[in-house]
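# Examination of the molecular architecture
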Amino acid sequence: MKKITFFLIILLSMVSCTNYYTVLLTEDTNVYATSSNENIITTIPKDTQVFISNKANKKNYKKIKWGNYYGLAYNPSYTSYSAYTSAKGYNISTPSNNYTPSTSSGGTVYVKGYTRKDGTYVSPHTRSTPRRR
């Protein structure tokens, strides 16, 4: 019985997953709590990077995420967005840490580019080594 329940939960979680894509809005977009157009959560300004669902519901609303805001946008106007730039001489497929430990005190550390939880892309840079406690 426990196995059946476990597989049922896994199946339901896979069916209810929504894929989000990073896009750039081409006009100001209202974010609503429901698809009834009554409660505006916020208005996202034009030329803002957001995460948007790949499917619209029956009323042409798409799920949208921006910072701490999550809701529905009616037929949003957007373009694809990619801030990804590849570094030359760098193997992207191999996993590594965000910093390389230094053998001496002081110095600099190379940090790979990454995307923050709020969707902001941080380009690769160098910084000072972590301080020891």
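Since this is a predicted model, take the numbers as computed values, not measurements.

Parameters at a glance
- Residues numbered from 1 in each chain as written.
- Predicted model: local features only at pLDDT ≥ 70, side-chain atom pairs only at ≥ 80, totals over all residues.
- Heavy atoms only, no water.
- Core = buried A, V, L, I, M, F, W, Y, C linked by side-chain atoms within 4.5 Å.
- Buried < 20%, exposed > 50% of the residue type's maximum accessible area, 1.4 Å probe, protein only.
- Helix = DSSP H or I, 4+ residues; strand = E, 2+ residues; numbered from the N terminus.
- Contact = heavy atoms within 4.5 Å.
- Phe/Tyr/Trp six-rings, centres within 6.5 Å; stacked < 30°, edge-to-face > 60°.

## A word on the nonpolar core
Of all hydrophobic cores here, the largest spans eight residues; its members are Val23, Leu25, Val31, Ile44, Val50, Ile52, Ile64 and Ala73. Within the residue set of this core, elements represented by two or more residues are strand 1 (20-25) and strand 4 (49-56). Once you skip the residues sitting within four places of it in the chain, isoleucine 52 turns out to touch Asn19, Tyr20, Tyr21, Val23, Lys62, Lys63, Ile64, Pro76 and Tyr78.

## Brief notes about the packing of aromatic side chains
The tally for this structure, following the rule as stated, stands at three aromatic pairs. Relative to tyrosine 61, the ring of tyrosine 32 lies with its centre 6.4 Å away and its plane at 85°, an arrangement referred to as edge-to-face. Here tyrosine 32 is found in strand 2 (residues 29-32), whereas its partner tyrosine 61 is found in strand 5 (residues 61-66), with 29 residues between them in sequence. Taking the relative accessible area as the measure of exposure, tyrosine 32 reaches 10% and is therefore buried. On the basis of relative accessible area, tyrosine 61 is assigned to the buried category, the value being 5%.

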